[in-house]
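For reference, the chains in residue letters:
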Amino acid sequence: MDFQFSSNENRPLMKPNRKRLNQDQIRLLETSFNSNRKLQVDCKLELARRLGLLPRQVTIWYQNRRAREKIHTIELDHKTIQLELDSVLAENRRLEQEVCMLKHELNKVQQMLSVANPSITLLPCVNISDRLKLP
DNA sequence: TTGTGTTTTACGACCTC
DNA sequence: GAGGTCGTAAAACACAA
């Protein structure tokens, strides 16, 4: 394996000259990953042998693949929650409109009653709607 | 080209069993 | 202690300007 060195001679970096895995290597790793998210030792050694990689590289690939899957899952969850939130907000708007309309109707009925019988005490509709509010 | 954003490989620190 | 996650560096790559 090729190595490159840091320009800082006090702290030489031993970083391997990285090469991306080819499509065949990725295909085999993906197939293996889909059958088991956790890498067994014997499986790692077999994969490394078949792919011409170091067992350490197979380990790293699995770690990174799990991390990518986790990010993908979180993104999907986020989208799902966002859709649910949008739906709840839409329902909330609809209910608010309904409350407003009912308050209006109640007002009209109270007005009609008070005209028909002035001795009736009007209910403050604002209090009625307040009772509908959740804590 | 080249500047820039994204993806992939690799590793160290820390955690769990 | 082996192997996991998490955060990150940096190489590899894609692509617009």
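Residues numbered from 1 in each chain as written. Chains lettered and ligands numbered in written order. Predicted model: local features only at pLDDT ≥ 70, side-chain atom pairs only at ≥ 80, totals over all residues. Heavy atoms only, no water.

Participant: I'd like a description of the packing of helix H1 (residues 23-35) against helix H3 (residues 55-116), backed by residues and values.
Facilitator: Helix-helix packing is described using two parameters, namely the angle between the two axes and the distance between the axes. Close contact between H1 and H3 brings their axes to 11 Å; oriented N to C, the two are set at 65°. Judged by the twist between their axes, the crossing of H1 over H3 is right-handed. Counting all contacts with H1, which are made through Leu-29, Glu-30, Ser-32 and Phe-33, the residues of H3 involved are Val-58, Trp-61, Tyr-62, Arg-65, Arg-66 and Glu-69. Partitioned by chemical class, the residues of the contact of H1 with H3 number five nonpolar, one polar and four charged. (Axes fitted to C-alpha atoms, helices over the stretch in contact; angles between N-to-C directions. Helix = DSSP H or I, 4+ residues; strand = E, 2+ residues; numbered from the N terminus. Left-handed = near helix turned anticlockwise from the far one by under 90°. Contact = heavy atoms within 4.5 Å. Nonpolar A, V, L, I, M, F, W, Y, C, P; charged D, E, K, R; others polar.)

Participant: So what about the confidence of the model for chain A? Which residues, and what values?
Facilitator: When pLDDT is averaged across chain A, the result is 81; 76% of the residues are at 70 or more. In the model, residues 1-14 has pLDDT below 50 throughout and makes 19 contacts with residues more than four positions away in sequence or in other chains. (pLDDT = per-residue confidence, 0-100.)

Participant: Tell me about the environment of Arg-18, residues and numbers included.
Facilitator: The residue Arg-18 is located in the loop between strand S2 (15-16) and H1 in this model. Note on Arg-18: relative accessible area 76%, which makes it exposed. Residues Arg-18 and Gln-111, 93 residues apart in the sequence, show an inter-C-alpha distance of 82 Å. (Buried < 20%, exposed > 50% of the residue type's maximum accessible area, 1.4 Å probe, protein only.)

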